[in-house]
Amino acid sequence: MRCLAVWLFKAACTVGLLGWLLSRPDVKAGLGSLHHLAPGWLAAGFCLAGLTQIFSAWRWLVCLRTTGVPLSPGTTLRLTLISTAAGFLSIGTLGADAMRVTLAARRYPDNKTALLGSIGLDHTSAAPAFVLMILILFTSVHTGFQIGPWTGWTIILSLGGFAGIGLLLRRFRPEMHDRLLHFLLERTTRRGFAKAALLSMPVMLTHYAVFYCAARALGINIPLIGFTAAAASADVAAALPITIAGLGVREKAFETLLGLWHQVPPASAIALSLAGLGLIFLWAIAGAVCFLLEPAGKPAFNAA
């Protein structure tokens, strides 16, 4: 019931925020003039969205191997697609991760702890690449680019949250803290983390490139680095657990940032955000099909 209440709250926020954005006179007038979409750029965005799924599955596969779970590459890709579909319907990243763990645990019911560890490693390995990319982007844009203080606070809070989790585990679950610390200090873990961190860069770049292709399909020509900086910032905003799949929040962030930094009209910024999300949604549909083909109560086996 609690999950349902959270989902209903997020659904209400999604409808309300999108309704407000799309009902504004300037946005309605601008969207009415966006008739032509370049099919070549849309096709490129669709392919890049697929590459994002492949790189994401590859990164999780590295994390699975590091934690000792022998899930096959094909199964890992299928579960990644299914988790993408779940992300469009669930309460967010937590729901997508729960789907990955649940379906993988059907195949390896004795490896639930290792599966949870692979999810944690998958997420934490993205942090170094994200911080590095943010620093590169924010130091490469033109001198007129303005960065709000929230950027530094985001990094500080992220590191503080990670340290806080460790302190809480040490205080209330010392045995789990010791096992986790031992796991993190192992050479195999360090190598796996390094590989996953390297794979995080193409995961993020292909993801942002999807929205860049959507922008070009709408005839919006923005410098690539400047656009990527805006897309990364919008993605951080969309990660807030306010709406379903970040709908509404991402569009407002794109509108604000692209309007402020590159004078993009509100309707165009909102349209490119929705178009980019639509390209990702096509792969989520493939994930939904994969989920429907999942046998119920699948027994444990060495997934092929």
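Up top is the structure.
Model, not experiment: these values are computed from the prediction. (Residues numbered from 1 in each chain as written. Predicted model: local features only at pLDDT ≥ 70, side-chain atom pairs only at ≥ 80, totals over all residues. Heavy atoms only, no water.)

Novice: Teacher, can you tell me more about unusual backbone geometry here?
Specialist: Residues other than glycine predominantly adopt negative phi, and peptide bonds predominantly adopt the trans conformation. The phi angle at Gln263 is positive, at roughly 55 degrees, despite the residue not being glycine. The exposure class of Gln263 is exposed, given its relative accessible area of 60%. (Buried < 20%, exposed > 50% of the residue type's maximum accessible area, 1.4 Å probe, protein only.)

Novice: Would you take a moment to explain the packing of aromatic side chains for this structure?
Specialist: Aromatic ring pairs are described here by two measures, namely the spacing of the ring centres and the angle between the planes. For the coordinates displayed, the defined rule picks out seven aromatic pairs. Both rings, one in Trp41 and one in Tyr212, keep their centres 6.3 Å apart while their planes meet at 85 degrees; by these two values the pair is edge-to-face. Of the two residues, Trp41 is situated in helix H3 (residues 39-66) and Tyr212 in helix H10 (residues 187-217); the sequence distance between them amounts to 171 residues. Overall, Trp41 belongs to the partly exposed group, its relative accessible area being 31%. (Phe/Tyr/Trp six-rings, centres within 6.5 Å; stacked < 30°, edge-to-face > 60°. Helix = DSSP H or I, 4+ residues; strand = E, 2+ residues; numbered from the N terminus.)

Novice: What is the right way to look at helix H5 (residues 93-107) in this model?
Specialist: For an α-helix, the turn length of 3.6 residues means that residues three or four places apart are oriented alike. Compared with an ideal rise of 1.5 Å per residue, which puts 15 residues at 21 Å, H5 spans 22 Å between its outermost C-alpha atoms and is within 8% of the ideal. Of the residues making up H5, those classed as buried are Gly95, Ala96, Asp97, Arg100, Val101, Leu103, Ala104, Ala105 and Arg107. In this structure, the buried residues of H5 make contact with H3, helix H4 (73-89), helix H6 (112-124) and helix H13 (266-292). (Expected span 1.5 Å × (residues − 1). Contact = heavy atoms within 4.5 Å.)

Novice: Sorry, what's going on with the environment of Ala237 here?
Specialist: Relative to the helices and strands, Ala237 resides in helix H11 (residues 224-238). Placed 12 residues apart in sequence, Ala237 and Val249 show a C-alpha to C-alpha distance of 6.6 Å. The contacts of Ala237, once residues within four sequence positions are left out, are Val249 and Ala253.

Novice: I'm lost on the packing of H4 against H5 in this one. Help?
Specialist: The angle between the axes and the distance between the axes are what describe a pair of packed helices. Relative orientation of the contacting elements H4 and H5 amounts to 145 degrees, with a least axis distance of 8 Å. H4 and H5 meet at a crossing whose hand is right-handed. Here Thr75, Arg78, Leu79, Ile82, Ser83, Ala86 and Gly87 of H4 lie close against H5, whose contacting residues are Gly95, Ala96, Met99, Arg100, Leu103, Ala104 and Arg107. Across the contact of H4 with H5, the residue classes tally to seven nonpolar, four polar and three charged. (Axes fitted to C-alpha atoms, helices over the stretch in contact; angles between N-to-C directions. Left-handed = near helix turned anticlockwise from the far one by under 90°. Nonpolar A, V, L, I, M, F, W, Y, C, P; charged D, E, K, R; others polar.)

Novice: Quick question: what am I supposed to make of the pattern of salt bridges here?
Specialist: Going through the model one piece at a time under the given rule, you end up with seven salt bridges. With a shortest N-O distance of 2.7 Å, Glu255 and Arg24 are connected by a salt bridge. Remark: Arg24 occurs in the loop between helix H1 (2-23) and helix H2 (25-32) and Glu255 occurs in helix H12 (residues 249-262); sequence separation between them is 231 residues. Here Asp122 ties to Arg59 by a salt bridge, and the two come within 2.8 Å at their closest N and O atoms. With Asp122 in helix H6 and Arg59 in helix H3, this pair connects stretches of sequence that are 63 residues apart. When sorted by exposure, Asp122 lands in the same class as Arg59, which is buried. The network of salt bridges with shared partners includes Arg59, Asp97, Arg100 and Asp122. (Salt bridge = Lys/Arg side-chain N within 4 Å of Asp/Glu carboxyl O.)

Novice: Looking at this structure, I do not really get a nonpolar patch on the surface. What am I missing?
Specialist: Together, Phe46, Phe281, Leu282, Ile285, Val289 and Leu293 make up a nonpolar patch on the protein surface, roughly 540 Å² of accessible area in all. Top contributing element to the nonpolar patch by residue count: H13, with four residues. The topology assignment puts Ile285 in helix H13. On the accessibility criterion, Ile285 (39% relative accessible area) is partly exposed. (Patch = residues over 30% accessible without salt bridge, like charges linked within 9 Å, V, L, I, M, F, W, Y side chains within 5 Å. Areas by Shrake-Rupley, 256 points an atom, 1.4 Å probe, with all protein chains shown as cover.)

Novice: Would you take a moment to explain the nonpolar core for this structure?
Specialist: Soluble, globular proteins show a tendency: their nonpolar side chains are buried together. Among the nonpolar cores identified, the biggest contains 42 residues, and Ile220, Phe227, Phe254, Leu258 and Leu272 are the most heavily contacted of them. Counting residues per element, the ones that place at least two in this core are H1, H3, H4, helix H7 (126-140), H10, H11, H12 and H13. Excluding its chain neighbours within four sequence positions, the residues that come into contact with Leu258 are Ile222, Phe227, Ala230, Gln263, Val264, Ala269 and Leu272. Residues Ala104, Ala105, Leu115 and Leu121 belong to the second largest nonpolar core, which totals 23 residues. (Core = buried A, V, L, I, M, F, W, Y, C linked by side-chain atoms within 4.5 Å.)

All quantities given are derived from atomic positions and should not be read as evidence of function.
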